[in-house]
Structure formats: structure tokens, C-alpha cells
Amino acid sequence: MSDHPERGTIRAINGPIITIRLPGVRIGEQVRVGHLGLIGEAIALQGDEAVIQAYESTEGVRPGEPAAGLGWPLSVELGPGLIGGIFDGVQRPLQEICESAGDHIPRGLTPPALNREKLWHFVPDPTLRLGSLLTAGTHLGSVQESARIEHRILLPPDHQGELLELAPEGDYRLEDPIGRLRSADGRSHKLKLFQRWPVRTPRPYRQRHPSAEPLITGQRIMDTFFPMAKGGKAAVPGPFGAGKTVVQHQIARWSNADVVIFVGCGERGNELVDVLETFPQLQDPHTGRSLMERTLLIANTSNMPVVAREASIYVGITIAEYYRDQGYDVVMLADSTSRWAEALREVSGRLGQMPVEDGYPAYLASRLAAVYERAGQIETLSGMRGSVSLIGTVSPPGGDFSEPVTAHTKEIIQTFWALSKELADARHYPAIDWVSSFSDHIAVAAEWWKREVGSNWAQRRAKALALLARDAELSRIVNLVGPEALSDAQRWELESALLIKEALLQQSALDPIDTFSSPEKQYLLLKMVLLIYQGGADLIELGVPVQELMELPLLARARRAKQRFSSTETEQLRELNEEIIQAFEEVRMEYAKFKEHRQ
Amino acid sequence: MSAKEYRTARSAHGGLLLVEGVPDVAFGDRAMIRDHRNRQRNGQVIRSAVQEVLIQVYEGTDDLDLERTWIRFLDQPLEISLSPELQGRVFNGIGQARDGRPPIVSPVRRNVNGAAINPAARTYPRKFIQTGISSIDGLNALVRGQKLPIFSGSGLPHNRLAAQIVRQARLVDEESSFAIVFAAMGVSHADARFFEEEFAASGVLANVVMFINLADDPPVERLALPRVALTAAEYLAFDMDRHVLVVLTDMTHYAEALREVATAKGDVPSRKGYPGYLYSDLAEIYERSGRIRDRHGSITLLPVVSMPSDDITHPIPDLTGYITEGQIVLSRELHNRGIYPPVHILPSLSRLMKDGIGRDDTREDHPRVASQLYALYARALETRNLASIVGADELSDRDCRYLSFADAFEARFINQGEEEDRSIIETLNLAWDLLSLFPKEALTRVNETDLAKYHHSGANG
Ligand SMILES: Nc1ncnc2c1ncn2[C@@H]1O[C@H](COP(=O)(O)OP(=O)(O)O)[C@@H](O)[C@H]1O
Ligand SMILES: [Mg+2]
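Given the structure is predicted, the values throughout are model-derived calculations rather than measurements. (Residues numbered from 1 in each chain as written. Chains lettered and ligands numbered in written order. Predicted model: local features only at pLDDT ≥ 70, side-chain atom pairs only at ≥ 80, totals over all residues. Heavy atoms only, no water.)

K.L.:
What is the right way to look at the overall build of chain B in this model?
P.N.:
Each helix and strand in chain B was counted, giving 13 helices and 22 strands. In terms of overall size, chain B behaves like a compact globule, its C-alpha atoms giving a radius of gyration of 25 Å where 461 residues would be expected to give roughly 23 Å. Projected onto its principal axes, the C-alpha positions of chain B cover 85 × 50 × 40 Å. With 461 residues in all, chain B has 61% of them scored as buried. When contacts within chain B are restricted to residue pairs at least 6 apart in sequence, long-range pairs at least 24 apart make up 72% of them. Approximately 16500 Å² of chain B is accessible, and the part contributed by carbon and sulfur atoms is 47%. (Helix = DSSP H or I, 4+ residues; strand = E, 2+ residues; numbered from the N terminus. Rg over C-alpha atoms; globule rule 2.2 N^0.38 Å. Buried < 20%, exposed > 50% of the residue type's maximum accessible area, 1.4 Å probe, protein only. Contact = heavy atoms within 4.5 Å. Areas by Shrake-Rupley, 256 points an atom, 1.4 Å probe, with all protein chains shown as cover.)

Written out as C-alpha cells, the structure is:
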């Protein structure tokens, strides 16, 4: 971007849109406007005027006030100190702002995102030799960012050259040089513990790889029925109150990711506070470390300026890519992509662009696709494996999935966890509807389950889904002609489907035990419900009346198993399964005796 | 403040006044408009450019004669004066006294738009408020600092319910009282009088700050009213350490006023003619509730939203539900059957309930009892539906039990007197009376300890 010393002036203010006269400004450039020094971004040029979208409220700004281009596009700071933090939609550090400025967010503040005073213990990569030629992405050394995350300091993607100097192991601030590099043009560059990257440009990598394993979330309906792969793209659409945010929080809590980035995009402030207050106390079941040691938050709550909402998703995904480049599996959660889309709509409307559907601009679909495309499983510039899994919620107006954001998103993603109002109303949580949800990653997941947990995953999953489908069919009949029209076998199918829902699919995020279900536990519960179904079906075949089966006390025990046995108490679950087999065997024997007696 | 008056209005319609040949006026600043009868109107700049501004006139632009309209710019945003004297007073939508008493004089003046609360400064609301109403306390508990709207429809008793909540709300284990901010937008004279009499009768009038814009008052003023009211609430909560209960009624009239002005401005409409920014605009209001770290007070928000044609997917309730922390939905069907309060249980939700109930706050079985009642009632309603199709004779004994549960639940649990103030323990005990209609094995959402302790085993157990 050019340097242009000219100062411009403001011509007009219309909500978050400010028109300025500033020769030489470029689209995408950051601009400082008004006496308050509000930050914005040039989004259109019209004759000698530029249109700026301001990331802050423009109240009190007047025509005639100054404006100046900053010469760079919206960028983020990438380096140690991100983990555990909470930043706004343009990466201002909210905790620091709170300490310096109080309860409300003042305008015109531009503190650095990362703390400049803090010392980090840097350990240089012992394999590096002075004088050797380093390519972009080379590992320079590491900093222990949190007990959980070793922060790998990489040569920025736009740097390469001869290593002239590398600092010895020791404590450094972010601005301290930790090395020097001579690029091909002979210029020398200082290397630091952090780098900047423009958020609208995806960070480069060597190549993409197909997804190789599922992201384990500890949520049964997701892992067992509609798995998502690491590096995949998923969406959680649903009307308000159906459980979108809880789904995302559950993934943030329990998934086997290395780094979790939660972007609160146009949603409630209290939902971020919930994370900030509870995560430090919670343990990652995969590593035993505090969850906050792998989590960071980006917050543009619904009452914060709309334009920064649009930016927040890009800020989040760029940070996600940065940790991916260090060889980590990163999960980014965006709640809600609809609010992001609405921010696009808001700005395009104020620019007078032609709306195509529901007021959204024509580029909605392509922008959405481009954001989701930044997810993936990749080989980094230095040859490591890393992934970004992107999971967005969608908030369709009136819960209508045919609206533009849901419809376009559905075309893009690979895993669709559709939330249903009916299920949520009946407090069937998670309210993920097994009929309209889908996953394109069954094959990848089946491979993994077979290798890691048990050989029958794919068959059992299919069998359970088939029973649920039968349930829908039979329920329709019941609603037409009444329950009496069903045979005993059919009534047992209904009863078994109900058991699948209650003993397996329903999973309370609030129950200390049930909130996380290890793959082994999921597998055993799945086995349990099918054992019961099969055991009962066999007995009915022999003539045992369904009524007798419905009164078996083991049904209530099966329903309680998920809350009774923790993820590690798999032995007890196995025993329960044995007892179930036993119990059916007993009924069979008794019935045989009874029949003999009658003959 | 500038004394210069401009007589350069070029057009006026829909509450908006376009003025040319003006100096550089700040976006959001106030303006005073003097009409040909020398009457003052209040305005605010909602678009500003070199030489030209667009002003939103709170009293409306009806019968303005552009030739004889003088505009003065006040060089300040819309602010109100704040002091403890607010309590017991009545104001209009822009904070002017409406009770014939002198204006509030105070060195504390604040911009009514506020600034967004830093999420890092918030603290999570966790304190259970007992409203004395079983369908709320038992199943959709309200927590101090929550924003929980009542979704209603014309002719439903949302005002009576809101008044009952205001009257009965208290903490279980503390001597507590709420300061009340009552914000009425476009309500009828009768409704405004109902609330005034309610407050007077329960002796809280001296604790209430009222902001009133009646149905025949200018609609544009409704756009400022909730902001003005919440500025007062913030002052009481975070400067005066009070716990404040804010009733906003009716947000539908607010949103309609917003649509009116948006249409006049030529903003791109999204659903049903409402502007695309309705969501953010409502959020600016609703998100002002809550708790702040290291502050004693809190703001609990009870907006009333009437659903046009009882349609919960209408943009106003829909967007509200996306912002608030749950919703209490009223049902015309229950109302017609004489059940008060006619709370439609299934779509009602309190998102903050989970942290306000349980062993330390209400009783240890509370969360599971709520979940169990929901599960049974949902199933019971399905069964009722089935019975209406195939006839009750076709149903099994198990199904019939669900039917009688639904009836008992509605008649005894949901239904209660307008003066009846049930303690949470009474509510939970009542819940167990109903749960005990089922054998223990049918109750799998409560645990075995709960069953042993509270299930009236015996006949069924
Ligand atoms: N898995 C779950 N377990 C328990 N409660 C849940 C679960 N999912 C959702 N809920 C309940 O539903 C409420 C709304 O969920 P939320 O995720 O906030 O909805 P949305 O984001 O779709 O509006 C939560 O406050 C919680 O009470
Ligand atoms: Mg949500």
C-alpha cells in the first residue's frame, strides 16, 4: 500500500459509513477518521471520494474532520499471548481495555493486541545453522505459551533468506529481535517473536490433504451419527433456543483439538462471559489441562459495532491458520455466521448496492464459500501437518432453512447438524434432528472407529439409524389409525427407537457425567440399545407379548446408564450389557417353561 | 450551544426533516425545531454531510411549514440528567418531565445511547429470583441480570403477568427489593393506568421511574424511549448499587416506529419491511441488561413483545428471541380455557436457569424435575393430539396416564391465582405431586436419590 502523506477530510456520515475525500487511498486500506481517531476500512472509491466502514460508533463525528490512510490493510498480530485472551472484532485486547478504560468500551483506542512487556522464554531450534538458507515457514524456535501450547515461532510466509543471527535461549519481549535474516535483495530483516498478517488473505501452505480422522467431540449424536472430520467444514443451523451455542460450547469444551478459537459474532455478551468464567476450571479430557490453556475468544457481541462483526470472522480464521501452521489441529467456532452475513448486508445496503435475496448482496454466497474454504487439513510450509476445522452456526429468520444464508451454507459444508425446534421444545437435547442432518465423512470416521474403538461401528450406526427411520414411518401410521393397528413387533420397534433417543441421542450438557462421552462409552451405549432391541425382537418372534417386555426394569436402567457411568467406567457398561443379555435369556427360558407347561 | 437558527429545511416527511446550508453538524447531535406556531420540537441528526443534514424529529413532522420552520443545533447528543430523584417520577420518551413537576437537575448527565459493555467487564448472572409463579420459577426460572421477554398477543394477560412478577419478585434468602424502571411505548391510556394503579396499590410507586409514550403520542419518540429508560436504569444499578427491574412494553410498538422511520429514510427493507439493522438495534437495547464485575447492582429486563397475529416467527419476536436469554410465551389456547397465567410451556425457555437453580440456590432436584416435567408434558401433548385423532378409547393405559397428567399439570401447576405467591419449595412439591402420577420407572430424568426422597411411592410406586 502506498504512503500518502495527504490528509483527507470527512464529507458525510451515515451510520457506520463515512465518506471522505482522501487522494491515493486504496480499497482495503485502514483509515483513521475524525478527531476521535476512529478506525475504519476503505471499501469503495467513488470519484475522488472514498467510502469508509468504521469499526466503531460514529456518533459525534462531523463533516470537515480529518481522515488519514494508514497504508496497510486490516491485519492481526500473531505471536505468543493470544491463548487465553479475549479480543474484539478487530483484535483489540478486551481484558486490557477493561483494566485501563473501565466497564464500557471507549472509542478511538488502539492498544496493541499482544502485550509488549511480557517476557517469553524462547528456545531456538537447535538444528538451525547460521548462514543457512531459510525458507518461509521455517521453525526458528519455541516459546511455551501456556502449559498446553508450545508456540512455534515460524519464519513469516513472506520471508526467506540467509540466517545471519539467532538469539540464544532466554527471555525476550515481543519487540526484541530474536534473529536476523538477509533476503535475496541483500536487505537485512529483524526477526521477532510475532508477525502481522492481513486477515483477508489466507495464509499459504504447501498443499492440502484429504481429511484423515474425525474430530471427536464427546457428543454422541455428532461422533456416532454425524461425524465431522478434522479440517472439515460444518454448520449448525437452528431457530433461537434450539441449542446452537450449546453445541459450539460443547465442542469448545470437549473436542480433541489442540487450539480452540471461539468467535462470538453478533451474539450475547453473557455467553462469552460463561466461557471466560468456566473454562479455566474445566479440564480437557484428552490432556487433563485447564481448557483455557488452549482457548481464545474473539468477541463482537450483538451490541458492538456491526462493521467489526464482519471483520471478526476473518480475524478468527487468520489466527486459526497461524496455529495450524505450527502443526496444530485447530477448531474455529463462529457463532453466528448469520450475523456476519447481516453485517455484509448492512454495509451493502448503505452503499446502495443492488440486493438480490432478502436484502443480501449478490456476493453473499461467494464470500461465505471463501471463508469456509479456509478450513482444511494441510501440510504447512515447513512440512508439518495441521488443520483448521470450521464450525459455524446459522440463525435463520423464523427458523426457515430455505433462507439465503442457510441455503448457501448447506451447499458449502460437509457436516450439517440441523437443530429442530420440536426436539428442543420437548427438551430433547442436543436437538440435532437425525432426519435432516448429514455428514460426508462417514467413511473416514468408520475407518477410525474400526481402528481405535471397535469393528462394528458402521453396521451398528446404520442399524440404529434404520430403526429411527422405522420409528418415523410407524408413528405416521399410529397418527392415522391409532396404536392398536400395530403388531407387537412394530410396537417393539417404536419402543426401541424411543430407547435410542433417550438412552443414546439425548445428552445433557449440564450433567457433569453425561456432558462428555468418550468414544468407548458411545460405542458401548450404542451396543446396549441394539442388544435390547434385538433381544426383545427375538422374544417377540417366540411369542412373548410386547407388554411384558415394556415392563422390564432393565429399560429404565439402560436409560440411566449414560448418567450413571462415566467415560472411563467402561467395565461397568460392559457388565450392564452382559446383564441385559442375561435378562433376555431368563425371559426366554421362563417363557419356554411357561409354554411347555401350557402344552 | 449555538444560537443561530436556520430556516433552510428542504423537505419533511415521515418524521424526518432534511435541512440544507448548515454548518458541519455532528452525527447524532440534537437539534431544536421551532415551528410556525413557535412550538419547540426535538430532533436528532441521523445523517450528516457537508451542507446538509437529516434530522429525526421526535414529535414528528406533521404540519410543519418549511418556510416557517427554524432549526437550531445544540452541539450535544441526546442526554438526560440523572439523580436519585428520578424515582417516583414520570417522564416522556426523551426524558422530559411528564408529571408537571420540575425537571431533574443534576451534574450527572449521560448520553442515552450508552457505550457497549465490555464483555470482559461482565459477570455471569446466577442469582435466582423467585417470582412466585410456578410455570416460571419451576420451569423457566428468572435470574437477576437476565433479559427475559414475555411473548404475547393482543388480549392476552401479559400486563397482569408483568405486574404480578414486579409485585412478587424477590430473592429467596435475602431481604431484597428492586428499583423499577417502567418504560411504556405506544401503550393505551388504560394499560398505562393499570400499571400506575398496580404500583400504587403495592406501595412501590416511590421506587418506580416511569417513561411513558402513549398510543396517541408521537411514534418517533418511541425510538429514544427505551434508551432513555435504560440510561436511568444503568444509573440506578451501577451508580446507586440498586437491583433494577426494567419492564419495556411494548417492544412491538418500538419496532414499528423504527420501521416507519427506516422506510422514510429509504433503507433497504429485509423481512416484512423491517430494516436489516433491526437485530442490531434491538440488541443495543436488550444487551444493556446484566451484571458488571465489582458492581453491586444489576439490570433485569422484562420486555413485553406482542406477536402480530400470534406469530412467533414474525421478525420482532424472532429477532428478540435471538438476543434475549429465553422467552416466556403466552398461549391463547390456555387463556381461552381460563388458565392463568397462560404460559405456553414448550416454547418457553430460560437460558440462564441452569446457573440459578439447584442445591445452592433452590433445591437439589430442581434441574432434573424441570427436565422431567418438560419431557412428560411434551409426550402428554403428543398423546392428547393422538387422542383427538383416533379417539381416547384407542389409547393404552400408559397413554391415558399421560392424558390425565396433562390435565392435572395445566390445572394445578400452570394455573394459579393472580395474587397467589408460591414459594419455590411449594412449586417443587407440587411438581412431585404430579410426577408421582407415574411409577418410578417412567421417570428417568430424575435420579434414584430424587425418587427415594420425593416420589410419593405407594399406590403407584
Ligand atoms: N445439550 C444440551 N443439554 C442441556 N441443555 C441444553 C442443551 N442444548 C441446549 N440446551 C438448553 O437450550 C438452551 C438454548 O440453547 P442455545 O445453545 O443457547 O440456543 P441457540 O444458540 O440455538 O439460541 C440452553 O440455554 C440450554 O438450557
Ligand atoms: Mg446462540
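K.L.:
Looking at this structure, I do not really get the overall build of chain A. What am I missing?
P.N.:
Regarding its fold elements, chain A presents 16 helices and 30 strands. Here the analysis covers contacts within chain A between residues at least 6 apart in sequence; of these, 71% occur between residues at least 24 apart. Of the roughly 22500 Å² that chain A leaves accessible, carbon and sulfur atoms contribute 52%. One way to put it: in chain A the 64 positive side-chain charges average out to a point 2 Å from where the 78 negative ones average out. (Lys, Arg positive; Asp, Glu negative; His and termini not counted. Charge placed at Lys NZ, Arg CZ, Asp CG, Glu CD.)

K.L.:
Honestly, the site of ligand 1 in this entry has me stumped. Any pointers?
P.N.:
As a matter of local geometry, ligand 1 sits amid 16 residues, with Gly241, Lys244, Thr245 and Val246 of chain A together with Arg351 of chain B nearest to it. What surrounds ligand 1 is not a single chain but chains A and B. Taking Gly241 of chain A, its main chain carries an N or O atom lying 2.7 Å from an oxygen atom of ligand 1. Taking Tyr429 of chain A, its side chain carries an N or O atom lying 3.2 Å from an oxygen atom of ligand 1. About the coverage of ligand 1: the protein hides 92% of its 560 Å² of free accessible area. The element contributing the most residues to the shell around ligand 1 is helix 3 (residues 244-254) of chain A, with 3 residues. Class assignment for the residues of the shell around ligand 1 results in 9 nonpolar, 5 polar and 2 charged. (Near = heavy atom within 4 Å. Polar contact = N/O pair within 3.5 Å; in protein donor to acceptor, adjacent residues only side chain to side chain. Nonpolar A, V, L, I, M, F, W, Y, C, P; charged D, E, K, R; others polar.)

K.L.:
Is there a simple way to explain the packing of aromatic side chains in this structure?
P.N.:
A ring pair, where both rings are aromatic, is described by two values, the distance of the centres and the angle of the planes. Scanning the entire structure with this criterion turns up 23 aromatic pairs over all chains. When the centroid spacing of 4.6 Å and the interplanar angle of 45° are considered together, the rings of Tyr377 of chain B and Phe409 of chain B count as tilted. Residue Tyr377 of chain B is located in helix 10 (residues 366-390), and its partner Phe409 of chain B is located in helix 11 (residues 397-414); the two are separated by 32 residues in the primary sequence. With relative accessibility at 4%, the residue Tyr377 of chain B sits in the buried group. Here Phe409 of chain B falls in the buried class, since its relative accessible area comes to 0%. Taken together, the ring pairs in this structure connect Tyr377, Tyr402, Phe405, Phe409, Phe413 and Phe438 of chain B into an aromatic cluster. The aromatic ring of Trp120 of chain A is capped on one face by Lys118 of chain A, whose charged end is 4.5 Å from the ring centroid. (Phe/Tyr/Trp six-rings, centres within 6.5 Å; stacked < 30°, edge-to-face > 60°. Lys NZ or Arg CZ within 6 Å of the ring centre and 35° of its normal.)

K.L.:
Just to check I follow, could you spell out the sheet that holds strand 15 (residues 179-182) of chain A for this structure?
P.N.:
Residues and elements named next belong to chain A. Taken together, 4 strands build an open sheet; the order of strands is 10-13-15-16 and the sheet is antiparallel. Two strands bound the open sheet, and with one partner strand each, they are strand 10 (133-134) and strand 16 (188-191). Two elements, strand 13 (residues 161-166) and strand 15, share 4 bridges in a ladder whose sense is antiparallel. Of the residues in strand 15, the one forming a bridge with Glu162 is Arg182. (Pairing = 2+ DSSP bridges.)

K.L.:
Whenever I open this one, the domain arrangement of chain B confuses me. Can you help?
P.N.:
Interface extent is often summarised as the accessible area lost during association of the parts. The domain boundaries assigned to chain B delineate domain 1 (9-76), domain 2 (80-355) and domain 3 (366-454). In this structure, domain 1 of chain B and domain 3 of chain B have C-alpha centres spaced 60 Å apart. (Domains from an automatic or database assignment.)

K.L.:
What is the right way to read helix 5 (residues 306-324) of chain A from this model?
P.N.:
In an α-helix, one turn spans 3.6 residues; hence positions three or four apart end up facing the same way. With 19 residues, helix 5 of chain A extends 28 Å from end C-alpha to end C-alpha; this agrees with the ideal 27 Å at 1.5 Å per step. In the structure, helix 5 of chain A departs most strongly from a straight axis at Ser312 of chain A, where the bend amounts to approximately 25°. (Expected span 1.5 Å × (residues − 1). Bend = angle between axes of the 7 residues up to and from the residue.)

K.L.:
Looking at this structure, how should I read unusual backbone geometry?
P.N.:
Peptide bonds are, in most cases, trans, and in most cases residues other than glycine have a negative phi. For the bond running from Tyr429 of chain A to Pro430 of chain A, omega is -10°, close enough to zero to count as cis. Assignment of secondary structure puts Pro430 of chain A in the loop between helix 9 (421-425) and strand 30 (438-439). Of note, the amide linkage connecting Thr249 of chain B to Asp250 of chain B takes the cis form, showing an omega dihedral of 5°. Following the sequence through the fold, Asp250 of chain B ends up in the loop between strand 18 (243-249) and helix 5 (251-265). The phi dihedral of Asp75 of chain B falls on the positive side, at around 60°, and the residue is not glycine. Phi angles above zero are rare outside glycine, and Asp294 of chain B is one such case at about 65°. Among the secondary structure elements, Asp294 of chain B is positioned in the loop between strand 19 (291-292) and strand 20 (298-306).

K.L.:
Help me understand the domain arrangement of chain A in this model?
P.N.:
As far as domains go, chain A holds domain 1 (7-73), domain 2 (117-193), domain 3 (207-440) and domain 4 (457-598). Here the C-alpha centroids of domain 1 of chain A and domain 2 of chain A sit 36 Å apart.

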